[in-house]
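So you can see what is in the structure, the chains are spelled out below.
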Amino acid sequence: MIKKLLSRFGFEKRADGDNYWENWQALRSGPVNDKTAQSVSAVYACTSAISETIASLPLHLYERDDARTKAKDHSLYGVLHDIANPHQTALEFREWMMACVLLKGNAYARIERGWDGQVTALHPIHPDRVSILRTATGLIYEYSDHKGTVHKLLQDEVFHLKHRAGDDVLMGVSPIQASRETIELSIAERDHGNATFSNGTRLSGILKFPQHLKPEQRTGLKTSWDSQYSGGANAGKTAILDQGVEYQTISMSLEDAEWIEARKFSVIEVCRLFRVRL
């Protein structure tokens with residue numbers, strides 16, 4: 001997937017033996033999950049825009065009559081509109097649930113009921129702590145709390161909000177899970193840019209010497225070169241080479257690679273995942 005997207009921008013191996021783009025996957029920073037995905041600004045922005053918008057929408061409970069009367073005396077009205085639980089307002093709860101749906105594909109909350117069976121609170125449960133068990137009598141939601149104690153809840157004791165169902169109709173699939181290669185490419189592009197600018201906005205090159213160097217000479221020369229010419233603080237400095245030494249760039253520049261255009265395309269791809277218009 002990554003190679004196909006790179007080829008669309010003309011990132012191909014050059015005839016002179018440059019294999020920089022073949023080593024693109026070496027820039028990977030690890031698996032793609034909700035935490036690493038949010039390090040991409042486009043993912044974070046899309047998640048915030050959707051979850052905050054949904055949370056800010058008015059949510060009222062109405063009575064079944066022709067006058068469309070708000071059921072303010074009902075216990076569920078306060079849970080949905082004012083305070084969801086002792087630790088979250090209704091707005092914070094809805095924002096958290098929506099963010100879990102987008103990043104994890106599923107959001108769970110334990111339903112607390114009063115003596116009359118009416119809902120009095122909704123307590124969020126982290127999706128990573130929940131597993132669903134199928135039984136002959138229905139679904140069982142099993143989760144562990146912060147102390148490690150395992151709890152089991154019946155289906156009517158859990159509020160389960162999910163994204164589009166995948167192969168398992170009981171579980172939702174988030175945009176990140178559905179197209180992790182797109183997020184992975186965006187992370188790789190960002191890390192590539194960070195590495196490039198950290199090395200003085202120049203990609204790799206080689207120093208040519210007319211004579212043979214000993215191992216300790218190679219090590220000392222590399223340390224000296226990096227300390228004088230690598231890094232953003234050294235950008236723009238003029239390198240002084242003597243004794244017939246030549247410097248030759250072996251990788252394409254940022255302009256040749258159209259790195260900026262690739263970054264823009266990644267933002268568009270992420271927005272497509274979350275159906276957010278630019």
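For the structure itself, look to the data block above.
Below: a short report on this structure. Bear in mind that the values here come from a model prediction, so they are computed numbers and not experimental data. (Residues numbered from 1 in each chain as written. Predicted model: local features only at pLDDT ≥ 70, side-chain atom pairs only at ≥ 80, totals over all residues. Heavy atoms only, no water.)

### A look at the nonpolar core
Inside soluble globular proteins, nonpolar side chains tend to come together where they are buried.
Okay, step 1: Counting 27 residues, the largest nonpolar core has V43, L122, I176, I183, V270 and F274 as its most contacted members.
Okay, step 2: Taken together, the elements giving at least two residues each to this core come down to α3 (41–56), α5 (90–104), β3 (106–113), β4 (119–125), α7 (180–198) and α10 (259–274).
Okay, step 3: Broken down by element, this core gets its largest block of residues, seven residues, from α5.
Okay, step 4: By size, the runner-up hydrophobic cluster in this structure holds ten residues, among which are Y108, V130, V158 and L170. (Core = buried A, V, L, I, M, F, W, Y, C linked by side-chain atoms within 4.5 Å. Buried < 20%, exposed > 50% of the residue type's maximum accessible area, 1.4 Å probe, protein only. Helix = DSSP H or I, 4+ residues; strand = E, 2+ residues; numbered from the N terminus.)

### Observations concerning the packing of aromatic side chains
Okay, step 1: Enumeration over the complete set of coordinates arrives at one aromatic pair.
Okay, step 2: Relative to Y141, the ring of Y108 has its centre 6.0 Å away and its plane inclined at 65°; by these criteria the two rings are edge-to-face. Linking Y108 in strand β3 with Y141 in strand β6 (residues 138–144), this pair joins segments that are 33 residues apart in sequence.
Okay, step 3: Exposure remark for Y108: the relative accessible area of 2% places this residue in the buried category.
Okay, step 4: The aromatic ring of Y62 is capped on one face by R68, whose charged end is 4.1 Å from the ring centroid. (Phe/Tyr/Trp six-rings, centres within 6.5 Å; stacked < 30°, edge-to-face > 60°. Lys NZ or Arg CZ within 6 Å of the ring centre and 35° of its normal.)

### Re the pattern of salt bridges
Opposite charge on two side chains permits them to pair, given that their charged atoms come into close proximity.
Okay, step 1: Under the criterion given, the structure shown has five salt bridges.
Okay, step 2: Between K104 and D128 there is a salt bridge, with the nearest N and O atoms lying 2.7 Å from each other. Taken together, the positions of K104 in helix α5 and D128 in the loop between β4 and β5 (130–135) put the pair 24 residues apart, joining distant regions of the chain.
Okay, step 3: Given the relative accessible area of 16%, K104 is considered buried.
Okay, step 4: We note a salt bridge from R272 to E269, for which the minimum N-O separation is 2.6 Å. Within this pair, R272 and its partner E269 are both found in helix α10, separated by three residues, close to a single helical turn.
Okay, step 5: Classification of R272 as exposed rests on a relative accessible area of 55%.
Okay, step 6: Under the relative-accessibility criterion, E269 is labelled buried at 15%.
Okay, step 7: Taken together, the salt bridges that share partners define one network made up of D34, K104 and D128. (Salt bridge = Lys/Arg side-chain N within 4 Å of Asp/Glu carboxyl O.)

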